[in-house]
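Residues per chain, in single letters:
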Amino acid sequence: MKLPLLLMNALNQAGLQGDWTLTPVAGGDTARSGVLEDGVSRYFVKQHRNPLLLEAEARGLEALAASLRVPRVVHCYSSSEGGVLILEHLPIASLTGSNQWMAAGAALACLHRVEGPARYGSHPDNFIGASPQSNADHGDWITFFANERLTPQLQRATQRGLPPEAAERTARVIEQLDRWLASRPACARVHGDLWQGNLGQVNGEPVFYDPACYHGDPQVDLAMLNLFGGVPAAFYQGYQAEYPTTLRYQAWPVYDLYHWLNHYTLFGGQYARAVDDTARRLLASR
């Protein structure tokens, strides 16, 4: 198949000459993805009409690379027509068995145990899925999570049609965040979009991808890993071995609420129930 002009321009700018073929890859809700190969080399490519989204992803991968195995950024191309992100191609497979999950927990702990800056956020603005994500810095975590996370998402969800009862309960949660969140938890670089679909392995080594990085409470990553089903106990064994810490479960539903709001904004439908149920449980908790 003939390559899109946008991709051809990106390859030329990257100095990747050759007779390339592109095989689309199913899945992914934000960018069009595919495997690019010429019989010798192989790359994973993402294309999106908003180049800022792919630039942000490239920055996030480069930020994580010091602590985690991530796909290497080969080139990021931006133009008025859109953007292309060219990545190292990795044969990523799902995590299987206790040893692989333990290694994944240990790897994430190595990211989280590195102390970040004194202020939360402290990373260029980026995206969570296709939604803008502000990383304006704050000295107080509760203020950061209210102003830069929950409030903007509630505004978007309300504009999308979130039922008034769910919106009202979510607003009450935001007003009472000090019930569940600490003002000054640990401040570390976090992946930011770490559901289980953004974590895998290559030859047993854990690989992390599709980040939405910033500096914040490490518990945000632990919470999101459980958003669509729990992870094995071996993961926590590996995590605690590298970074002994208290799992503050009372904060996890607050962090979940951010992602449920975003899912409702992006996909609508059944996620209104997830937003409302999460807000209800928080308000009913002691």
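Every value quoted in this text rests on a predicted model; they were computed, and no experiment measured them. (Residues numbered from 1 in each chain as written. Predicted model: local features only at pLDDT ≥ 70, side-chain atom pairs only at ≥ 80, totals over all residues. Heavy atoms only, no water.)

1. Digging into the environment of Gly82
If you trace the backbone, Gly82 turns up in strand β5 (residues 82-88). On the basis of relative accessibility, which here comes to 0%, the residue Gly82 falls in the buried class. Residues within four places of Gly82 in sequence aside, it is in contact with Leu6, His48, Arg49, Pro51 and Tyr77. (Helix = DSSP H or I, 4+ residues; strand = E, 2+ residues; numbered from the N terminus. Buried < 20%, exposed > 50% of the residue type's maximum accessible area, 1.4 Å probe, protein only. Contact = heavy atoms within 4.5 Å.)

2. Topic: helix α2 (residues 51-64)
Look at α2: 20 Å from first C-alpha to last across 14 residues, which is about the 20 Å you get at 1.5 Å a residue. Of all 14 residues that make up α2, 10 are buried, and the element is covered over most of its length. Its side-chain oxygen placed 3.0 Å from the backbone nitrogen of Leu52, Asn50 serves as the N-cap of α2. (Expected span 1.5 Å × (residues − 1). Polar contact = N/O pair within 3.5 Å; in protein donor to acceptor, adjacent residues only side chain to side chain.)

3. Looking at the pairing of β5
Counted residue by residue, β5 has six buried out of seven residues, so it is predominantly covered. As paired elements, strand β3 (residues 42-48) and β5 share six bridges and run antiparallel to each other. Bridging across to β5, Tyr43 finds its partner in Glu88. Bridging between strand β4 (residues 73-79) and β5 involves six bridges; their strand directions are antiparallel. Across the sheet, Ser78 pairs through a bridge with Gly83, a residue of β5. (Pairing = 2+ DSSP bridges.)

4. A short note on the pattern of salt bridges
Enumeration according to the criterion identifies 12 salt bridges in this entry. For the salt bridge of Asp210 with Lys46, the shortest nitrogen-to-oxygen distance reads 2.9 Å. Of this pair, Asp210 sits in the loop between β10 (205-208) and β11 (214-216) while Lys46 sits in strand β3; the two residues are 164 residues apart in sequence, bridging distant segments of the chain. Accessibility expressed as a relative area gives 26% for Asp210, which makes it partly exposed. Residue Lys46 is classed as buried on the basis of its relative accessible area, which comes to 9%. (Salt bridge = Lys/Arg side-chain N within 4 Å of Asp/Glu carboxyl O.)

5. Focus: the packing of helix α4 (residues 141-160) against helix α8 (residues 252-267)
For the pair α4 and α8, the least separation of the axes is 8 Å and the interaxial angle reads 25°. By the angle between their axes, α4 is roughly parallel relative to α8. For α4 against α8, the interelement crossing comes out left-handed. Touching Trp141, Phe145, Arg149, Leu150, Gln153, Leu154, Arg156, Ala157 and Arg160 of α4 are Val254, Tyr255, Leu257, Tyr258, Leu261, Asn262, Tyr264, Thr265, Leu266 and Phe267, all from α8. When grouped by side-chain class, the residues that make up the contact of α4 with α8 number 13 nonpolar, three polar and three charged. (Axes fitted to C-alpha atoms, helices over the stretch in contact; angles between N-to-C directions. Parallel < 35°, antiparallel > 145°, perpendicular 65-115°, else oblique. Left-handed = near helix turned anticlockwise from the far one by under 90°. Nonpolar A, V, L, I, M, F, W, Y, C, P; charged D, E, K, R; others polar.)

6. Describing helix α7 (residues 233-242)
Buried residues of α7: Ala234, Phe235, Tyr236, Gly238 and Tyr239, and no others. Elements in contact with the buried residues of α7: α3 (97-112), α6 (219-225) and α8.

7. Some words on the packing of aromatic side chains
Throughout the structure, instances matching the rule amount to 17 aromatic pairs. Centre to centre, the rings of Trp141 and Phe144 are 5.4 Å apart; their planes meet at 20°, and the pair counts as stacked. Placement of both Trp141 and Phe144 in helix α4 is noted, with a separation of three residues, approximately one turn of the helix. Comparing Trp141 with Phe144, the two get one shared label, buried. Ring plane angle 70° and centroid distance 4.8 Å describe the contact between Tyr249 and Trp252, whose orientation is recorded as edge-to-face. A connected cluster of aromatic rings, assembled from ring pairs, spans Tyr120, Trp141, Phe144, Phe145, Tyr214, Tyr255 and Tyr258. The ring of Tyr214 has Arg149 lying over it, and the distance from NZ or CZ to the ring centre is 4.2 Å. Above the ring of Tyr264, the side-chain terminus of Arg160 is found at 5.9 Å from the ring centroid. (Phe/Tyr/Trp six-rings, centres within 6.5 Å; stacked < 30°, edge-to-face > 60°. Lys NZ or Arg CZ within 6 Å of the ring centre and 35° of its normal.)

Keep in mind these numbers describe shape, not what the thing actually does.
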